[in-house]
Amino acid sequence: MKKIVIAFDAGNYSHGAFEMARRLNEPETILLTGVFLPQMELPQITDYTYGSMGAGYMTMMEQYNAETVAATVAQFESDCVHNGIEYRVHRDVTGFSLDQLQKETRYADLLILGHEMFYANLGTDHPNDYLTETLHRSECPVLVTPEHFRFPSSLILAYDGSADSIFAIKSFAHLFPELCTLKTTLIFASKTVRSQVPDADYIEELCARHFPDLTIEILQADPKNILAPGWPIKKTQC
Amino acid sequence: MEPSPQPGSFSLKHQRYEKILFVSAATNLNTHALDFACYLSNLTHSRLTGLFIADTESVPDGKTAALHAAVAAEYSDTAPAAYDAIYTEKNGIAFKEACTSREANCELITRQGAPEEEVVHLSRFADMIITDADISFTNEPTVLPSKFMRDIMEQAECPVITAPFHFEGVNELVFCYDGTPSSMYAIRQFTYLLPELKDMDATVVMVLSPGERPGADTAYLDAGCIPTILIIISTHCRMSARGAACWTTCCRNRARLL
């Protein structure tokens, strides 16, 4: 049984994140821990400045609205009961929210975040600063989900030759063995022209052992754009 | 009939299993460690990759030079530079025979160079490394774990499992937990790599100083992916060899103080 943490900031309940947890509960039951973080608001007084960061840098104020959190918790509990998911509720408000979330991830196999809703009130940038910071500080793999999605029917493994990318692939294989049988494409992309994939034999050998239906693609493109909507790799998947 | 692969791509269809590296000095095969590695290989239905490394970077110490002289006496028609190759070949045969007799699927890779660099590089593409605590590429006396082992444990990019000196099977699991992120990470990695052991009795051991209370974080341990029994043992020992022996004895006695 995996222990999965799903995090909400008060007032921003992510149905997409919960839907992902529900689907992951189907092949193997999970323990789902809902973590409810304080809401983040801009300060009411606009002359907050922060040391050497310069004038105009405003600190955020964490606000814990008991009524708002209670409504979010009630929604979470109702969804868990309705879908037969074993769950826990954590709403420790004694510490700073990201510190608390980091500790939760230390004792979890996976963190699920709905990126469209996570601290959505802090701006329109995707990912926003809080989501970026959470990704950096998490001590377990993070699954970032949109609000509306189809459950994966194929996998794309992004490989750039770095140790980080291989670590991510191994973590996925260890965490989701039931998904490893899906059609899988290992994509290597580099801005510079390369004649072959770095350590090609090794990465092929490793991936082939975990992903039985594996295809390797070499693309000459900027890795930052390769998974953008409309990239032709989607056509070759079918 | 399978469709033809697209240009620039190819398909691989294999049974899924993990990649386990068994690291050994090419000239010094530890059969006890190999026995343990074969057990884990069979347990996880994985292929065991033997990585035999010949250290060509460091200067031979006195005992190694003496060993070369002894071998030279037996193989008088062999050039000194080929002595290590003889041992490597013999150990390679012994490795494959041992795996075959234990019904472990295996392959053998031999490398020459700086052992630490070779192992660290290959660890990036492995799920786990198995080796013995006293693995060494010299014949000089060494403390446990050996310097090579300590280096690998610090630098490897996959979990490293130290083979026991004597092994007859796994009957129960004991996890060492000291409240650090590292100890929790190690526990999680173990559960991912060896899910076949998830139904065994598992014990989490935390060593505290007299009067010290377990932190609130220990409550998180009780809802993991494997059944856990939390034992808090107060002891005057630090986690030295003496301390380790202390809590091991306590575990055997099934002392449970929560």
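What comes next concerns the included structure. (Residues numbered from 1 in each chain as written. Chains lettered and ligands numbered in written order. Predicted model: local features only at pLDDT ≥ 70, side-chain atom pairs only at ≥ 80, totals over all residues. Heavy atoms only, no water.)

### Points about the overall build of chain A
Looking only at helices and strands, chain A has 8 helices and 10 strands in total. Each of the 238 residues in chain A was classed as buried or not, and the buried ones make up 45%. Contacts spanning at least 24 positions in sequence make up 77% of the contacts within chain A whose residues lie at least 6 apart. A total accessible area of about 11,800 Å² is found for chain A, and carbon and sulfur atoms account for 53% of it. (Helix = DSSP H or I, 4+ residues; strand = E, 2+ residues; numbered from the N terminus. Buried < 20%, exposed > 50% of the residue type's maximum accessible area, 1.4 Å probe, protein only. Contact = heavy atoms within 4.5 Å. Areas by Shrake-Rupley, 256 points an atom, 1.4 Å probe, with all protein chains shown as cover.)

### Concerning the interface of chain B and chain A
On the side of chain A, 44 residues touch chain B, which itself brings 40 residues to the contact. For the chain B and chain A pair, buried surface summed over both sides reaches about 3,600 Å², with 50% attributable to carbon and sulfur atoms. Summed over the shared surface of chain B and chain A, the result is 2 salt bridges. Our count for the chain B to chain A interface comes out at 16 residue pairs in polar contact (both at pLDDT 80 or more). Elements with a minimum of two residues in the side of chain B that touches chain A: β1 (11-13), β3 (47-55), β4 (106-113), α4 (115-123) and α6 (181-193) of chain B. Of the residues that constitute the side of chain B that touches chain A, the class distribution is 17 nonpolar, 10 polar and 13 charged. (Buried area = accessible area lost by both parts, 1.4 Å probe. Salt bridge = Lys/Arg side-chain N within 4 Å of Asp/Glu carboxyl O. Polar contact = N/O pair within 3.5 Å; in protein donor to acceptor, adjacent residues only side chain to side chain. Nonpolar A, V, L, I, M, F, W, Y, C, P; charged D, E, K, R; others polar.)

### Here's the deal with the environment of E204 of chain A
All names here are of chain A. Looking at where E204 falls in the secondary structure, it is placed in helix α6 (residues 200-210). Judged by relative accessible area, which is 25%, E204 ranks as partly exposed. The spatial distance from the C-alpha of E204 to the C-alpha of L186 is 8.9 Å, given a sequence separation of 18 residues.

### Some thoughts on the sheet that holds β3 of chain B
Adjacent strands of a sheet pair through backbone hydrogen bonds, lying either parallel or antiparallel. All names here are of chain B. Judged by pairing direction, the sheet is parallel, and its 5 strands sit side by side in the order β4-β3-β2-β5-β6 without closing on themselves. Single-partner strands in this sheet number two, and they are β4 and β6 (160-163). Taken over all neighbouring pairs, the strand axes of this sheet differ in orientation by 25 degrees on average, direction set aside. As paired elements, strand β2 (residues 19-25) and β3 share 7 bridges and run parallel to each other. Note that in β3 the partner of F22 across the bridge is G50. Contacting β2, β3 and β4, helix α3 (residues 83-101) crosses the sheet at an angle of about 155 degrees to β4. (Pairing = 2+ DSSP bridges. Axes fitted to C-alpha atoms, helices over the stretch in contact; angles between N-to-C directions.)

### Notes on the packing of helix α3 (residues 97-106) of chain A against helix α4 (residues 129-137) of chain A
Residues and elements named next belong to chain A. Two elements in contact, α3 and α4, have axes separated by 10 Å at closest approach and are oriented at 35 degrees. Seen from above, α3 lies across α4 with right-handed handedness. Counted together, S97, L98, D99, L101 and Q102 of α3 and Y130, E133, T134 and R137 of α4 form the full contact between these two elements. Grouping the amino acids of the contact of α3 with α4 by side-chain chemistry returns 3 nonpolar, 3 polar and 3 charged. (Left-handed = near helix turned anticlockwise from the far one by under 90°.)

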